[in-house]
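Notes for the structure review
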Amino acid sequence: MPGHTRARGIAADSLPGLAAHPEVLAEVAAAVVAANARLAQVQRVKRWRLVPAEWTVETGELTPSLKLKRRVIHAKYADVIDSMYSGHSGHSGYPALP
C-alpha cells in the first residue's frame with residue numbers, strides 16, 4: 001500500500017494515517033462499489049471499515065497458510081464490528097453503502 005499511495009501523491013507517515021486518509025477511504029469505497037456491482041444483493045458489502053493494522057501471522061490474525069482467524073479477528077475488533085451494526089460510524093462519511 002505505501003508504494004501505491006506514494007505514487008498517487010498521498011502522504012501519510014503510518015498505517016493508521018493511511019487508513020484514515022480521505023483519498024484512501026474514497027479509493028476503497030470505489031473498489032467496494034465496483035465489486036458490489038458484480039454481486040447479487042444478498043452478497044454485497046453493506047458496511048465496511050478500514051482498520052489501521054496489518055494482519056499477519058505474527059500479529060495473530062492469519063494462519064501460517066494465510067487464512068483468516070475469524071475468532072481472533074472478531075475478538076480483537078469486536079468494538080469496530082459492533083459499531084457497524086449499532087448505527088455508529090467508525091469513519092464519518094463512510095456509512096453503509098447503497
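Model, not experiment: these values are computed from the prediction. (Residues numbered from 1 in each chain as written. Predicted model: local features only at pLDDT ≥ 70, side-chain atom pairs only at ≥ 80, totals over all residues. Heavy atoms only, no water.)

1. Brief notes about the overall build of the chain
Scanning the chain from terminus to terminus reveals 5 helices and 0 strands. Listing every helix and strand of the chain by position from the N terminus yields α-α-α-α-α. Taking as baseline every contact in the chain between residues at least 6 positions apart, the subset at least 24 positions apart corresponds to 44%. Element-wise, carbon and sulfur atoms account for 60% of the exposed surface of the chain, whose accessible area totals about 6900 Å². (Helix = DSSP H or I, 4+ residues; strand = E, 2+ residues; numbered from the N terminus. Contact = heavy atoms within 4.5 Å. Areas by Shrake-Rupley, 256 points an atom, 1.4 Å probe, with all protein chains shown as cover.)

2. Details of the packing of aromatic side chains
Within this structure, the stated rule accounts for 1 aromatic pair. Taking 5.7 Å as the distance between ring centres and 35 degrees as the angle between the ring planes, the aromatic pair formed by Trp55 and Tyr77 counts as tilted. Of this pair, Trp55 sits in the loop between α3 (22–36) and α4 (70–76) while Tyr77 sits in the loop between α4 and α5 (78–86), and the two are 22 residues apart along the sequence. For Tyr77, a relative accessible area of 13% puts it in the buried group. (Phe/Tyr/Trp six-rings, centres within 6.5 Å; stacked < 30°, edge-to-face > 60°. Buried < 20%, exposed > 50% of the residue type's maximum accessible area, 1.4 Å probe, protein only.)

3. Structural notes on the pattern of salt bridges
The tally for this structure, following the rule as stated, stands at 1 salt bridge. A salt bridge links Glu61 to Lys76, with the shortest nitrogen-to-oxygen separation between them at 2.8 Å. Placement of Glu61 in the loop between α3 and α4 and of Lys76 in helix α4 is noted, with a sequence separation of 15 residues between them. For Glu61, a relative accessible area of 2% gives the class buried. (Salt bridge = Lys/Arg side-chain N within 4 Å of Asp/Glu carboxyl O.)

4. Examining unusual backbone geometry
One non-glycine residue, Leu66, lies in positive phi territory at about 65 degrees. Tracing the sequence through the fold places Leu66 in the loop between α3 and α4. Judged by relative accessible area, Leu66 falls into the exposed class, the value being 60%.

5. Section: the side chain of Glu61
Separated by 2.2 Å, the side chains of Glu61 and Thr59 make a polar contact. Leave out the neighbours within four places in its chain, and Glu61 touches Glu54, Trp55, Thr56, Lys67, Leu68, Lys69, Val72, Ile73, Lys76 and Tyr77. (Polar contact = N/O pair within 3.5 Å; in protein donor to acceptor, adjacent residues only side chain to side chain.)

6. Some words on the confidence of the model for the chain
Overall, the predicted model of the chain reaches an average pLDDT of 84, with 81% of residues at or above 70. At the level of individual helices and strands, the chain shows its lowest average pLDDT in helix α1 (residues 2–7), which scores 66, and its highest in α4, which scores 96. Within the model, pLDDT remains below 50 along residues 90–96, and this stretch shows 15 contacts once partners closer than five positions in the same chain are excluded. (pLDDT = per-residue confidence, 0-100.)

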